[in-house]
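Structure assessment
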Amino acid sequence: MLKRIYNKMFSTYGPQHWWPGETPFEVIVGAILTQNTNWTNVEKAISNLKDRRLLSPDKLNKIKPSDLTDFIRPSGYFNIKSNRLKSFITFLYDNFDGHLDEMFSLDLKKLRHMLLEVKGIGPETADSILLYAGNYPVFVVDAYTKRIFSRIGILEEKHTYHQIQDFFMQSLDNDVKLFNEYHALIVRHAKAFCRTKPACQSCPLLNMPCSYGMKNNAR
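Residues numbered from 1 in each chain as written. Predicted model: local features only at pLDDT ≥ 70, side-chain atom pairs only at ≥ 80, totals over all residues. Heavy atoms only, no water.

Counting its regular elements, the protein contains twelve helices and zero strands. The C-alpha radius of gyration of the protein comes to 18 Å, within 12% of the 17 Å expected for a compact globule of 219 residues. When its C-alpha atoms are laid out on the principal axes, the protein stretches across 55 × 35 × 30 Å. Relative to its 219 residues, the protein shows a buried fraction of 49%. Contacts in the protein between residues at least 24 apart in sequence constitute 64% of all its contacts with a sequence separation of at least 6. Element-wise, carbon and sulfur atoms account for 48% of the exposed surface of the protein, whose accessible area totals about 11100 Å². Each charge class in the protein can be summarised by its mean position, and for the 29 positive and 22 negative side chains these summaries are 8 Å apart. (Helix = DSSP H or I, 4+ residues; strand = E, 2+ residues; numbered from the N terminus. Rg over C-alpha atoms; globule rule 2.2 N^0.38 Å. Buried < 20%, exposed > 50% of the residue type's maximum accessible area, 1.4 Å probe, protein only. Contact = heavy atoms within 4.5 Å. Areas by Shrake-Rupley, 256 points an atom, 1.4 Å probe, with all protein chains shown as cover. Lys, Arg positive; Asp, Glu negative; His and termini not counted. Charge placed at Lys NZ, Arg CZ, Asp CG, Glu CD.)

Below, the structure is given as structure tokens:
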């Protein structure tokens, strides 16, 4: 069923070319800044960093958190996010001398555990970094995932992040490109139809039979 839903969304929306970012480091910065805000605001903050040639581990390692807040202000919660960016940079230099290629040489399980130890990085942000910047086969779960798949009868609101992630990863091929595109399509569908006030009458998933899923432990 999950693959059928993917195929339906892909035929409806086409490839999403997500995550937008010119480098893995830009993707990481974006993953941290996008917490509790929309991507348009993140783009403004990243543009500020690019304009001042600050979008590199070395430059962000040297800048003071108080100075960094001025440039990432459009992303909201700028004091908190400045500290979170600096925490990640400290982690990167303490463990990998500032080199992303060394960080991404670790196996998925070990690196994920390490990222979750960084202050301000939770499961969704860690998995976004792993999938979109590191090309690890891990499925990213967000609020849109729970919203869509609970509404069509596959999940329940009570399911945790890791329960949902396990369900997707056990039900789908272990494929980086598939996980990447699937999550991007979920975001696109949530914004187009499955909003807080959903547009169910025109939803392309409305008439798909979804009578099984985590609710009865089906694969």
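Turning our eyes to something else, we now look at the nonpolar core. In this structure, F88, M103, F149 and Y182 are the most contacted members of the largest nonpolar core, which totals 72 residues. The element best represented in this core is helix α2 (residues 24–33), accounting for seven residues. Ignoring anything within four residues of it in the chain, the contact list for F88 reads F25, I28, I32, L100, M103, L115, V118 and I121. (Core = buried A, V, L, I, M, F, W, Y, C linked by side-chain atoms within 4.5 Å.)

A separate point is the pattern of salt bridges. Under the criterion given, the structure shown has six salt bridges. Of the charged contacts in the structure, one is a salt bridge between K158 and E156, with a shortest N-O distance of 3.4 Å. Since its relative accessible area comes to 66%, K158 is described here as exposed. A network of salt bridges, in which partner residues are shared, links E22, E26 and K50. (Salt bridge = Lys/Arg side-chain N within 4 Å of Asp/Glu carboxyl O.)

Right, let's get into the packing of aromatic side chains. Scanning all chains against the criterion turns up 16 aromatic pairs. Ring centres 5.9 Å apart and planes at 45° place the aromatic pair F88 and F91 in the tilted group. Taken together, the residues F88 and F91, both in helix α6 (residues 78–96) and three residues apart, mark about one turn of the helix. F88 gets classed as buried once you look at its relative accessible area, which sits at 1%. Since its relative accessible area comes to 8%, F91 is described here as buried. When the ring centre of F78 is taken as reference, the NZ or CZ atom of R73 above it lies at 4.1 Å. (Phe/Tyr/Trp six-rings, centres within 6.5 Å; stacked < 30°, edge-to-face > 60°. Lys NZ or Arg CZ within 6 Å of the ring centre and 35° of its normal.)

All right, on to the packing of helix α5 (residues 65–72) against α6 then. Between α5 and α6, the least distance of the axes is 9 Å, while the angle of their chain directions is 120°. Looking at the two axes, α5 sits oblique to α6. Note that α5 runs across α6; the crossing there is right-handed. In contact with P65, L68, T69 and I72 of α5, α6 contributes F78, N79, K81, S82, N83, L85 and K86. The class makeup of the residues in the contact of α5 with α6 is five nonpolar, four polar and two charged. (Axes fitted to C-alpha atoms, helices over the stretch in contact; angles between N-to-C directions. Parallel < 35°, antiparallel > 145°, perpendicular 65-115°, else oblique. Left-handed = near helix turned anticlockwise from the far one by under 90°. Nonpolar A, V, L, I, M, F, W, Y, C, P; charged D, E, K, R; others polar.)

All right, on to unusual backbone geometry then. The step from W18 to W19 runs through a cis peptide bond, and the omega angle for that step is 25°. Positionally, W19 belongs in the loop between α1 (2–13) and α2. Unusually for a residue other than glycine, R53 sits at a positive phi of about 55°. With respect to the element layout, R53 can be found in the loop between α3 (39–51) and α4 (57–62). Although it is not a glycine, D97 adopts a positive phi angle of roughly 55°. By the element assignment, D97 lies in the loop between α6 and α7 (100–103).

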